[in-house]
Structure formats: C-alpha cells, structure tokens
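# Tertiary structure, described
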Amino acid sequence: MSKGKSNAYFNGVPDSIKKEIICISWMVEGSLPFRYLGVLIKTTRLSAQDCKPIIDKVVDRIRVLGARKLSYAGRLVLVKAVLKTLHTYWASMFILPTRACRPRDEGGLGLKNELQWIKAAVGKLVWWIATKSDHLWVRWINHIYIKDKAWQTYTPPQNTSWYWRRVCRIRDLFIEAYQQNQWMTQQGKEYTIEKGYDFNRDKSPKVNWYNMVWNKWNIPKHSFISWVYHHRNMNTMEKLYRLEISEVDTCCLCKNSIETIDHLFFQCQYSQKVVNCVGNRIGISLPHHDLLTRRTRSHGSKIEKGIIDATINACIYHLWRHRNQSRIDLTLIHPKKVAHQLLEELQKRVAAMVTTSIREKDRKFVQHFMEI
Ligand SMILES: [Zn+2]
C-alpha cells in the first residue's frame, strides 16, 4: 500500500478513534465522492453524468479500432471481445442501464442480456456475503448492517443507502439458489458471473439452425446474414412496400415476382440458377427450396457437413449481397460468376481452417472442394 496515494474514509467513527487511526496509519482523511480506478465512489445513486467516463471510453475504443469500416460480423466480435470487458468491470461495481440479448443456441447473437449480466455481477457481492468470504468489504457489511442476523432473511432498514438496498434486492433474485442449496452456499463452489447470469436469465427454446449458422467453417459475415435470414428479418421489397418505404414490391433479381424471403431464396429463378451452379460445381445437390432443413438431412462426416453448411450460408449471403447491389445500380452479374466468386471465397476459408491431422476420407473431400 502506498501511503502517499492512500486516503482513509470514515463513517460513524468517533473523532478520537478517527485521530488514532490516522496517527497510526499516516494516511490523510479523504472525503466522498472520489474516483477509484476511474470509477466514481459516492453514497448516492449514479447519475447519467457519472456514467459519462464509460461512454467516453467505449466511444474512444470504437474510434481507435475503426469500427465504422467493420462489417456487422466484425462489429459483433468487437462488442464481445473488447467493449464487454469494460462493461463487466463497471457492471461488477454498479447497476447501469442497458439492453437485452439471447445466447446463440437460443437464436441470439451470443451477447449477454445486459441488465441480467449487471445483476449477476452484483450477485458476486451477494455470494461473498453468503459464504462469509474473507474480504474487508464483507467484514464491514457484517459489522455495520447484517450484524448477527441470517443473510438469507435479512431486511435492510428503510433509511439505509440506496446501493445497499439494491444489493439486498439482488440477493432476493438468488433466493431459489439458496433454497436448492446450489453454488450459493456450498463451500468450494466458486460463484462466477456467468453462472449467476445463467441462473437468473429468461431461457428461450433452442433453435435447430444454431449449428448451421455458427458452424466454424463459415465466414463470419456469412453467419451474420444467415442469422438474419433464419429470423426472417430481411428488408425485402415486399416488406419495404408494406411499410410504404418503396413504391414497388418486385424482386430485384428476377423482376418477375413479389420479393418475399421465400421467393428470394427458394423460388426466384436467378437464385435457383446460382444455387444449381454451386451444387453442380461441388457435385452435391443443394436443394434451394429447402435451405432451412438442409442440415437435418445431410450425411457425411462432421467436416463434410460443416463445409456444405458453409456453402449454403455463403449462398444466402451472396444472393442477398447481389440483390442489394442490383437494387442500387440495376445491374445483375451472371449466376455462374456469382457461384465462382462464392466458391473462391470459401476455398480460401477452408484452406485457412483445415489442419494436417484430418482423416483420409475428409482429406479427399477437402481436396475435391479445393480443386472444383
Ligand atoms: Zn426473383
């Protein structure tokens, strides 16, 4: 501990004891509010202004990493890998306003439900108290607030601090974990924010397209568009027409039918030609009318399935990309050329992903895929 950089803070301590402590420790008495590791420490609820440093840090980080130039998939990685760390650091200390998301296998993007994550982060303090963890803060809380009462049934006084009442309210979220005698009270079972988050979040049914969309052979930007496609959340001409954003609802690719998602990926003549070209090149029939259930009927090894799924995702991505391009400049590339671009891109991905330890049968499949 650096004495020159440390201050002592007192609450409800008689002056004589205060002087004695200062005399022994050689520390100067500090006053609230103050900043600790960039975070404002105060007795009352944080205001929007108090949260400004985290917003500034997030914005700076985005600027430095050039997020504007990133694809949606790139932005997703940025949010998960970098910004989340900052948020978790703050969230473990304070309750911040935020928004929600679901895990990937439940149809989400794998981002956390921010509000639940923050509660789980504060849940760590609840767990410290429950397990009588050896922290100065726990000793202080026990001495000032809980005294000899049971933590599970303790009720905070009405005139106590906002933050402490909030901690007690979050304890109530984990009350079921107490009753079931799970990790909350079992010694040796470490609480993690991830566990606390999973315990309290609203769970959704698993989606059957999870493995296909988030398959490791996919190019990330393909996964993202495939995810949007599986949620049937694409701004097709039919949707734009319905919302009165566009005056026409005709398919940008074939100019022949109403552009719905089913038409664009299952029925459109142009899309069928692209999918057939790709299928012919790799020697596998890709049923364009049945992309959603393709995976459940696929045979072959894990690698073979993975590469075929990546091909289907690439078809979805490139059809959507060319449809968008065609909407802007009214030009359309020949289906064979689209198939060629798509496979060339995938071959680079497969070459980067394949390892030397794959089985002979898979090696033959990969070799064939790279030579088509
Ligand atoms: Zn069409």
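Cut-offs applied
- Residues numbered from 1 in each chain as written.
- Predicted model: local features only at pLDDT ≥ 70, side-chain atom pairs only at ≥ 80, totals over all residues.
- Helix = DSSP H or I, 4+ residues; strand = E, 2+ residues; numbered from the N terminus.
- Contact = placed C-beta atoms within 7 Å.
- Axes fitted to C-alpha atoms, helices over the stretch in contact; angles between N-to-C directions.
- Parallel < 35°, antiparallel > 145°, perpendicular 65-115°, else oblique.
- Left-handed = near helix turned anticlockwise from the far one by under 90°.
- Nonpolar A, V, L, I, M, F, W, Y, C, P; charged D, E, K, R; others polar.
- Core = buried A, V, L, I, M, F, W, Y, C linked by C-beta atoms within 7 Å.
- Buried ≥ 20, exposed ≤ 12 C-beta atoms within 10 Å, placed from the backbone.
- pLDDT = per-residue confidence, 0-100.

### Examining the overall build of the protein
- Along its length, the protein carries 16 helices and four strands.
- Across the protein, contacts joining residues at least 24 apart in sequence account for 55% of those joining residues at least 6 apart.

### Digging into the packing of helix α14 (residues 302-329) against helix α16 (residues 360-371)
- Axis separation between α14 and α16 bottoms out at 9 Å; the angle between their running directions is 25°. When the axis of α14 is compared with that of α16, the two are roughly parallel. Note that α14 runs across α16; the crossing there is right-handed. Residues I303, E304 and I307 of α14 form the contact with α16, whose own contacting residues are D362, F365 and F369.
- Of the residues belonging to the contact of α14 with α16, the class tally is four nonpolar, no polar and two charged.

### A short note on the nonpolar core
- Ranked by internal contacts, the top residues of the largest apolar core, which has 37 residues, are V274, V278, C315, I316, L319, A339 and L342.
- Within the residue set of this core, elements represented by two or more residues are α9 (210-213), α10 (220-230), α12 (261-267), α13 (269-282), α14 and α15 (335-353).
- In contact with L319, not counting residues within four places along its chain, are L264, F265, S271 and V274.
- Judged by nonpolar contacts, the second largest core, of 15 residues, contains A120, A121, I129 and I193.

### Notes on unusual backbone geometry
- At R232, a residue that is not glycine, the phi angle is positive and equals roughly 50°.
- Position of R232 relative to the elements: it lies in the loop between α10 and α11 (237-242).
- Unlike most non-glycine residues, E244 shows phi in positive territory, near 60°.
- In this fold, E244 is placed in the loop between α11 and α12.
- Judged by the 7 C-beta atoms lying within 10 Å of it, E244 falls in the exposed class.

### Observations concerning the environment of I22
- Mapped onto the secondary structure, I22 falls in helix α1 (residues 15-25).
- Owing to 14 C-beta atoms within 10 Å, I22 belongs among the partly exposed residues under this scheme.
- Sequence separation between I22 and N7 is 15 residues, and the spatial gap between their C-alpha atoms is 9.4 Å.
- Discounting residues that sit within four places of it in the chain, I22 has contacts with A8, M27 and E29.

### Details of the environment of A150
- For A150, the position within the fold is in the loop between α5 (136-146) and α6 (162-173).
- In the structure, A150 is positioned 20 residues away from A130 in sequence and 9.2 Å away in space, judged by C-alpha atoms.

### Side note on the confidence of the model for the protein
- Considering every residue of the protein, the mean pLDDT works out to 79; 75% of them sit at 70 or more.
- At the low end of the mean pLDDT range in the protein sits helix α3 (residues 72-91), at 58; at the high end sits α11, at 94.
- Per-residue pLDDT stays below 50 along residues 90-100; that stretch engages in 23 contacts with residues further than four places along the chain or on separate chains.

### Digging into the packing of α13 against α14
- At a minimum axis distance of 11 Å, the contact between α13 and α14 shows a crossing angle of 150°. Viewed along their axes, α13 and α14 adopt a mutual orientation that is roughly antiparallel. In this structure, the crossing between α13 and α14 has a hand that is right-handed. Contacts between α13 and α14 involve S271, V274, V275, V278 and I282 on the former and, on the latter, T311, C315 and L319.

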